Amino acid sequence: MVHPEKQVCITGAGQSTVGRPSPRSALQLTLDACDSAIADAGLTLAEIDGLTTFPGPAGDAGGFSPVGATEVMIALGMKPVWVGASTEGHGHMSAIFSAIQAIASGLCRHVLVFRTVAEATARAAPRGGGGLPARATRANTWSAPFNAVSPANIYALYATAYFAKYGATSTQLGAIAVNSRHMASLNPNAIYRTPINIEDYLASRVISSPLRLYDCDTHIDGSTAILLSRRDIAMEMARSPIEIEAMGMGLGGLGIGRHVGDFTQLPAEAAARMLWSRTDLKPRDVDVAQIYDGFSILTLLWMESLGLCGRGEAAAFVEGGGRIGLDGELPLNTSGGQLSAGRFHGYGHTYEACLQLWGKGAARQVKDARTCLVANGGYGYGALLLKRG
């Protein structure tokens with residue numbers, strides 16, 4: 001059996017400038033990223049026959065998803081065979097998984113996947129009315145009555161459970177934020193580029209104990225686009241493509257407020273099992289990792305779910321930052337991640353993976369990087385194991 005992801009390669013990647021807020025509209029940022037990805041692949045617009053995004057347009061969602069696939073299709077003048085988007089599915093990577101399946105089924109040859117956010121602009125805009133909605137919905141049904149109105153409140157509970165069970169400390173957790181800011185200082189498109197040290201981290205205000213300011217990702221305006229192509233076509237293109245060695249997906253109940261079982265683990269376990277079952281490579285073969293960091297505690301939990309560390313060992317692994325630095329055994333979130341480069345809902349991680357495997361990381365390039373593990377999501381879970389062609 002040939003898994004569908006092995007029939008697909010990444011042939012182009014593009015990212016708009018990042019703003020907080022940006023002077024460009026969400027649609028303009030999207031077109032910038034899409035044009036960049038198409039040019040990066042050496043293709044023309046007419047050759048792109050598929051287009052998709054996550055999660056689709058959300059008109060009143062604080063800039064979470066201001067641009068839809070149909071709008072981009074019209075703005076670019078595309079005539080794709082297939083257009084897709086979904087608010088459900090395996091989290092942020094669901095659009096990439098759908099694109100892989102569209103190509104592997106023979107429906108498309110080249111699919112453009114984009115993700116756009118304008119959360120910085122939404123938060124800068126004047127607000128009327130005031131107050132919370134009269135009735136909570138979805139996950140807030142279970143959390144709002146307890147005054148937990150932010151994901152920070154939820155993941156603080158996970159961090160508290162992890163600290164209690166494994167004896168992890170804030171100094172250990174803070175190493176992720178310090179490392180991210182160092183990486184961002186080497187990334188010209190990162191939103192926060194001034195390095196911090198562990199003392200800065202510990203002095204930052206507590207948002208929801210034990211999570212501090214630097215444990216939380218940062219809202220931005222920007223867009224990322226990834227171009228996927230059928231493998232046989234990709235192999236004939238001018239630049240060696242990035243091969244998709246394996247994919248994994250899982251779905252949990254956090255998005256609807258369902259929290260069960262061990263609060264030091266995530267349903268990401270299912271995504272990890274699927275991913276490693278579809279390849280002969282092992283966690284020890286990963287050269288660089290781009291691991292979801294909506295909150296720093298998620299990075300620790302993902303690392304353990306993926307087998308990059310043993311259960312309860314991730315905090316000690318990242319402590320001091322040496323093992324996750326550019327010269328360490330597992331360079332981590334080399335763009336600065338969502339904590340410092342900006343919250344692209346994981347698509348910035350996939351973009352950074354492409355740069356690393358194509359040797360385009362410049363000052364933050366990991367030497368001889370041949371494999372990269374990308375993991376996205378905090379309620380729906382997706383992972384890709386990518387390798388240089």
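Please refer to the structure higher up on the page.
The rules we used
- Residues numbered from 1 in each chain as written.
- Predicted model: local features only at pLDDT ≥ 70, side-chain atom pairs only at ≥ 80, totals over all residues.
- Heavy atoms only, no water.
- Axes fitted to C-alpha atoms, helices over the stretch in contact; angles between N-to-C directions.
- Helix = DSSP H or I, 4+ residues; strand = E, 2+ residues; numbered from the N terminus.
- Parallel < 35°, antiparallel > 145°, perpendicular 65-115°, else oblique.
- Left-handed = near helix turned anticlockwise from the far one by under 90°.
- Contact = heavy atoms within 4.5 Å.
- Nonpolar A, V, L, I, M, F, W, Y, C, P; charged D, E, K, R; others polar.
- Pairing = 2+ DSSP bridges.
- Buried < 20%, exposed > 50% of the residue type's maximum accessible area, 1.4 Å probe, protein only.
- Polar contact = N/O pair within 3.5 Å; in protein donor to acceptor, adjacent residues only side chain to side chain.
- Core = buried A, V, L, I, M, F, W, Y, C linked by side-chain atoms within 4.5 Å.
- Arc of directions from axis to C-beta.

How would you sum up the packing of helix α1 (residues 26–41) against helix α2 (residues 69–76)? Please name residues and give values.
For the pair α1 and α2, the least separation of the axes is 11 Å and the interaxial angle reads 70 degrees. In this view, α1 runs roughly perpendicular relative to α2, as classed from their interaxial angle. For the pair α1 and α2, the crossing hand works out as right-handed. Here α1 contributes Leu27, Thr30, Leu31, Cys34 and Asp35 to the contact with α2, which in turn contributes Glu71, Val72, Ala75 and Leu76. The residue makeup of the contact of α1 with α2, split by class, is 6 nonpolar, 1 polar and 2 charged.

Just give me the short version of the sheet that holds strand β7 (residues 221–230), but keep the residues and values in it.
Spatially, 9 strands are ordered β3-β2-β4-β7-β1-β8-β11-β10-β9 in an open sheet, and the strand pairing comes out mixed. The open sheet has two edge strands, β3 (82–85) and β9 (288–291), and neither has a second partner. Between one strand axis and the next, the sheet turns by 25 degrees as a mean value, whatever way the strands run. Relative to strand β8 (residues 242–251), strand β1 (residues 8–15) runs antiparallel, the two sharing 2 bridges.

Explain the side chain of Gln15 residue by residue, including any values.
Note on placement: Gln15 falls in strand β1. By relative accessible area, Gln15 is classed as buried at 17%. In terms of polar contacts, Gln15 uses its side chain to reach the side chain of Asn189, at 3.0 Å. Within the structure, Gln15 has its side chain in polar contact with the side chain of Thr224 (distance 3.1 Å). Discounting chain neighbours no more than four positions away, the residues touching Gln15 are Ala33, Ser36, Asn189, Ser223, Thr224, Phe344, Gly348 and Tyr351.

I'd like a rundown of the nonpolar core, residues and numbers included.
Grouped together as the largest cluster of nonpolar side chains are 52 residues, with contacts concentrated most on Tyr162, Ile297, Leu300, Trp302, Met303, Leu306 and Leu308. Sorting the residues of this core by element identifies α6 (151–166), α7 (170–185), α10 (268–277), β9, α11 (296–305), α12 (314–318), β10 (371–376) and β11 (380–388) as the ones contributing at least two each. No other element matches α6, which puts 8 residues into this core. With near-sequence residues (within four places) excluded, Met303 lies in contact with Leu308, Cys309, Ala314, Phe317, Val318, Leu330 and Leu332.

Account for the environment of Ala316, naming residues and giving values.
Structurally, the position occupied by Ala316 is in helix α12. For the pair formed by Ala316 and Leu173, sequence separation is 143 residues and the distance between their alpha carbons is 8.9 Å. Setting aside chain neighbours within four positions, we find Ala316 in contact with Gln172 and Arg323.

Break down α10 for me, with residues and values.
Looking at α10, one finds that the buried residues are Ala268, Glu269, Ala271, Ala272, Leu275 and Trp276. Looking down the long axis of α10, one finds its buried residues gathered within 160 degrees of arc, a one-sided arrangement. Opposite the buried face of α10, by more than 90 degrees, sit the exposed residues Arg273 and Ser277. Lining the buried residues of α10 we find β8, α11, β10 and β11.

Everything listed here is a matter of coordinates, which is why it stays silent on function.
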